[in-house]
Amino acid sequence: MRAITIPQFGSADVLRLDEVEVPEPGPGQVSIDVAYAGANFAEILYRRGVVDVPLPFVPGIEVSGRVRALGPGVEGLRAGQPVAALTIVDGGGYAEVVTTSADLVTPLDGYDLDLGTAAALPSNSATAFLVLDRVARIEPGEDVLVHAAAGGVGSQLGQAARLLGAGRVVGAVGSPAKIEAARAFGYDEVVLREQVAGAGRFDVVVDMVGGTARRSGLDLLAPMGRLVVMGNASGAEDVGISADELWFANRTVSGFNLAAFSAAFPQEAGRALRRAVAAAASGELRVRVESLRLEQAARAHRRIEAGRTTGKLVLEVERS
Ligand SMILES: NC(=O)c1ccc[n+]([C@@H]2O[C@H](COP(=O)([O-])OP(=O)(O)OC[C@H]3O[C@@H](n4cnc5c(N)ncnc54)[C@H](OP(=O)(O)O)[C@@H]3O)[C@@H](O)[C@H]2O)c1
């Protein structure tokens, strides 16, 4: 089968379209004929070697497609069924066939959702609900600030906050060109990252940019506020956070990592995915999807790491 591989860590130039063995599902797993694979910042971290994986490695943390085969012990799914799935625990989504835990697969039957859109939901939209609900434990009426608000996960966090009953939902973006794009995702206000200090105080701040965004996120917390750290897209040095500072100011800092969460709590990750699929199918959650072909994976990576994308890029895998 065709797959994009990482033969060595490095820039987007290392990505290769290769012929590799078709994987077979093990106990508790299914294999999926992939229609689309989501393209995410996470796969860039694998490619750069920030996440240490055995090489050659097939990246890809989420897909849509049709069930190909069920491994021993799997019930409730059937061959040919359209599905969306997280493939985040072992990767492998940038390929014609991928295997993953059946717990991380959700059927799409009965939903009015095209497979391109479905591939955009497993990582970012499920994460948005988990971060706000499970990690930040958001309460109705609470004010929320989201960084990189026009991006893949940022575009979902503002909408998820609204669905969970948030009060004021503010997005921060890195350039004026992204203000309108973020507004279209339903933020009450969108500010430039460098002007975020004037945006008020927040019960919940979600930071996936790192550096000054992380530091300012902490400073912008209201009493009993929670900062959720979930990425470092800027590649900045880690920010030293003082435990005494948290104590004196009634602040909380939490971390979230979907890969580790899905490995530890696959059924809960699967439930978050089903929630995201249902919200997208009902129109409550909007995703803006742009599609490239599988062999254009390097182009997708270059665009994401240059910070040039808004919404979500997916890779079309199924040959039409
Ligand atoms: N922890 C988790 O489970 C989890 C799950 C999903 C995503 N994430 C993280 O969330 C972040 C966004 O991921 P995504 O896939 O949704 O990508 P994305 O938002 O489409 O792209 C990343 C965004 O980060 C901002 N950014 C700031 N400095 C940057 C830099 N030096 N280089 C590139 N981008 C920079 C840019 O937005 P502005 O121009 O607005 O600054 C850019 O558009 C990543 O850090 C990713 O690792 C984490």
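For clarity, every value in this text was computed on a predicted model and none was experimentally measured.

Calculation rules
- Residues numbered from 1 in each chain as written.
- Predicted model: local features only at pLDDT ≥ 70, side-chain atom pairs only at ≥ 80, totals over all residues.
- Heavy atoms only, no water.
- Domains from an automatic or database assignment.
- Contact = heavy atoms within 4.5 Å.
- Buried area = accessible area lost by both parts, 1.4 Å probe.
- Salt bridge = Lys/Arg side-chain N within 4 Å of Asp/Glu carboxyl O.
- Nonpolar A, V, L, I, M, F, W, Y, C, P; charged D, E, K, R; others polar.
- Helix = DSSP H or I, 4+ residues; strand = E, 2+ residues; numbered from the N terminus.
- Buried < 20%, exposed > 50% of the residue type's maximum accessible area, 1.4 Å probe, protein only.
- Polar contact = N/O pair within 3.5 Å; in protein donor to acceptor, adjacent residues only side chain to side chain.
- Pairing = 2+ DSSP bridges.

Even after reading the chapter, I still don't get the domain arrangement of the chain, so can you show me in this structure?
Accessible area lost upon the coming together of the parts serves often as the stated size of an interface. Entries for the chain in the domain assignment read domain 1 (2–120 + 287–316) and domain 2 (124–258). For domain 1 versus domain 2, the distance between C-alpha centres works out to 27 Å. Contacts between the two partners involve 13 residues from domain 1 and, on the opposite side, 12 residues from domain 2. The junction of domain 1 with domain 2 conceals about 900 Å² of combined surface from both sides, 58% of it contributed by carbon and sulfur atoms. One can count zero salt bridges joining domain 1 with domain 2. Broken down by class, the residue content of the side of domain 1 that touches domain 2 amounts to five nonpolar, five polar and three charged.

When you look at the side chain of Thr-5 in this model, what are you seeing that I'm missing?
Structurally, the position occupied by Thr-5 is in strand β1 (residues 2–5). Classification of Thr-5 as buried rests on a relative accessible area of 4%. Here Asp-18 takes part through its side chain, which lies 2.6 Å from a polar atom of the side chain of Thr-5. Those residues in contact with Thr-5, other than ones at most four positions away along the chain, are Val-14, Leu-15, Arg-16, Asp-18, Val-20, Phe-57, Val-58 and Pro-59.

Which parts of the structure should I look at to understand the pairing of strand β6 (residues 97–101)?
When a strand is regular, its side chains alternate between the sheet's two faces. Counting buried positions along β6 yields four of five residues, so the element is predominantly enclosed. Across five bridges, the pairing between strand β3 (residues 29–39) and β6 is antiparallel. Paired with Ile-32 across the bridge in β6 is Val-98.

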